[in-house]
Amino acid sequence: MKAVTYTSTGSSDVLQYGERDEPHAGQGEVRVRIHVSGVNPTDWKSRSGSGAGELARAQVPNQDGAGVVDEVGDGVNGLSVGDRVWVWDAAYQRADGTAQELVVLPERQVVPLPQDASFDLGASVGIPALTAHRALTVHEGGPAELSPGALHGRTVLVAGGAGAVGHAAIQLAVWADATVIATVSSHEKAELARAAGAHHVVNYRDGDTAQAIGALAPRGVDIVVEVNPAANAELDARIAAPNASIAVYADSPGEATVAIPVRPSMGKNLRYQFVLTYTTTPASKDAAVHAVAAAIADGALPIGAEHGLPVTRFPLSETAAAHDAVEGGIVGKVLIDVA
């Protein structure tokens, strides 16, 4: 089968396209013929490592993907050959990601994909949507699992509303009936955030951002989905409602630490929650997967430029270029055609 692998960390030049032996499903496992593989920042960061270094075994990159079940192992009861599915965390602490024609995964990491949902969508929801779900469910007294109406009466601020996680956070929050404000850095990104469903969009390069958000949410924001904590810590403390949660899912470019305004945060009893989808509890991950699957079934997570998430495609043989595009900060979703 065709696959992309690397045996040492480093630049995208370490990625090699070639042939691999076909894997087979064992006890409790499912083999998926991947049609589309999704690329996320974590994929190129894992590949680059902390510097050049040899790996103990060949690694296939990419966590997310979608395709068709073509083999099931003993003990698998919820999936059958021919089922359309999406997968999550394929390469986390495993050597086999989705940049290959066939991948074997534990049944838990393979989720049915409705007939009317594209493989492109299935390959786009793993890390972004599961991360967004966790960020939206860390609020004290809030729901552990999103569903229609679960965030009724809440106001959500999504920082960086044109990114993949920001896009998913907007859509999931709207699906759960929150009022959503998104911040962006340009007119073009503002249009993407609106297309995703944000009720209000604020360009933080225009005027006083805190004042603009305050005018839209006079009592404050209940949940902040934060992509740039070092730059936004002071802003978040100003616009947050009492007892709000600030969910941080990314580190700031060039910033290893965050200076939190202590007194303003204390005065409002703010909660800072750091989010990494890989290491959430099994209960939190299961809730996220269940909610995202339900949102897909409801048609609440569409992708494409008309829905606020442009798609850029590469063939499997050009996975290195796909990684470079994500590392370079391309707007939207990068997908790899595998099948």
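A quick note: this is a predicted structure, and the numbers were derived from the prediction, not measured. (Residues numbered from 1 in each chain as written. Predicted model: local features only at pLDDT ≥ 70, side-chain atom pairs only at ≥ 80, totals over all residues. Heavy atoms only, no water.)

So, on to the overall build of the protein chain. Helix and strand counts for the protein chain come out as 10 helices and 16 strands. Expressed along its principal axes, the backbone C-alpha trace of the protein chain runs to roughly 60 × 40 × 35 Å. Counting only residues that meet the buried cut, the protein chain has 54% of its 339 residues in that class. Considering only contacts within the protein chain whose residues lie at least 6 apart along the sequence, 70% involve residues at least 24 apart. Summed over all atoms, the accessible surface of the protein chain reaches about 14100 Å², with 50% contributed by carbon and sulfur. Side-chain charges in the protein chain split into 23 positive and 38 negative, and the spacing between the mean points of these groups amounts to 6 Å. (Helix = DSSP H or I, 4+ residues; strand = E, 2+ residues; numbered from the N terminus. Buried < 20%, exposed > 50% of the residue type's maximum accessible area, 1.4 Å probe, protein only. Contact = heavy atoms within 4.5 Å. Areas by Shrake-Rupley, 256 points an atom, 1.4 Å probe, with all protein chains shown as cover. Lys, Arg positive; Asp, Glu negative; His and termini not counted. Charge placed at Lys NZ, Arg CZ, Asp CG, Glu CD.)

Attention shifts here to helix H6 (residues 209-216). Among the residues making up H6, those that are buried are Thr-209, Ala-210 and Ile-213. Take H6 and look down its axis: the buried residues cluster within an arc of 95 degrees, on one side only. Facing away from the buried side of H6 by over 90 degrees, the exposed positions are Gln-211 and Ala-215. If you follow the buried residues of H6, they end up packed against strand E9 (155-159), strand E10 (179-184), strand E11 (200-203), strand E12 (221-226) and helix H7 (229-239). Measuring from the backbone nitrogen of Ala-210 back to the side-chain oxygen at the start of H6 gives 3.1 Å, which picks out Asp-208 as the cap. (Arc of directions from axis to C-beta. Polar contact = N/O pair within 3.5 Å; in protein donor to acceptor, adjacent residues only side chain to side chain.)

On to the nonpolar core, then. Grouped together as the largest cluster of nonpolar side chains are 54 residues, with contacts concentrated most on Trp-86, Val-225 and Ile-296. Of all the secondary-structure elements, those providing two or more residues to this core are helix H2 (119-122), helix H3 (126-136), E9, helix H4 (164-175), E10, helix H5 (187-196), E12 and helix H9 (282-297). With seven residues, the top contributor of residues to this core is H4. The next biggest cluster of nonpolar side chains, apart from the first, holds 28 residues, and it includes Trp-44, Ala-99, Val-103 and Val-326. (Core = buried A, V, L, I, M, F, W, Y, C linked by side-chain atoms within 4.5 Å.)

Our next topic: the packing of H3 against H9. To describe two helices that pack against each other, one gives the angle between their axes and the distance between the axes. The contact between H3 and H9 brings their axes to 9 Å, and the two run at 115 degrees. Of the possible angle classes, the one that applies to H3 and H9 is roughly perpendicular. Note that H3 runs across H9; the crossing there is right-handed. Counted together, Ala-129, Leu-130, His-133 and Arg-134 of H3 and Ser-284, Lys-285, Ala-287, Ala-288, Val-289, Ala-291 and Val-292 of H9 form the full contact between these two elements. Along the lines of polarity and charge, the residues of the contact of H3 with H9 split into seven nonpolar, two polar and two charged. (Axes fitted to C-alpha atoms, helices over the stretch in contact; angles between N-to-C directions. Parallel < 35°, antiparallel > 145°, perpendicular 65-115°, else oblique. Left-handed = near helix turned anticlockwise from the far one by under 90°. Nonpolar A, V, L, I, M, F, W, Y, C, P; charged D, E, K, R; others polar.)

Strand order in the open sheet formed by three strands is E2-E1-E4, with antiparallel pairing between adjacent strands. The strands lining the two open edges of the sheet, one partner per strand, are strand E2 (16-19) and strand E4 (53-59). Across the sheet, the mean angle separating the axes of adjacent strands is 35 degrees when strand polarity is ignored. Note that strand E1 (residues 2-9) and E2 share four bridges and pair antiparallel. In the strand pairing of E2, Val-4 is matched with Tyr-17. (Pairing = 2+ DSSP bridges.)

Turning next to the packing of helix H1 (residues 41-48) against helix H10 (residues 319-327). In the contact formed by H1 and H10, the axes pass within 9 Å of each other and the chain directions differ by 110 degrees. Judged on the interaxial angle alone, H10 and H1 are roughly perpendicular. In this structure, H1 contributes Pro-41, Asp-43, Trp-44 and Arg-47 to the contact, and H10 contributes His-323, Val-326 and Glu-327. Looking at the contact of H1 with H10, its residues break down into three nonpolar, one polar and three charged.

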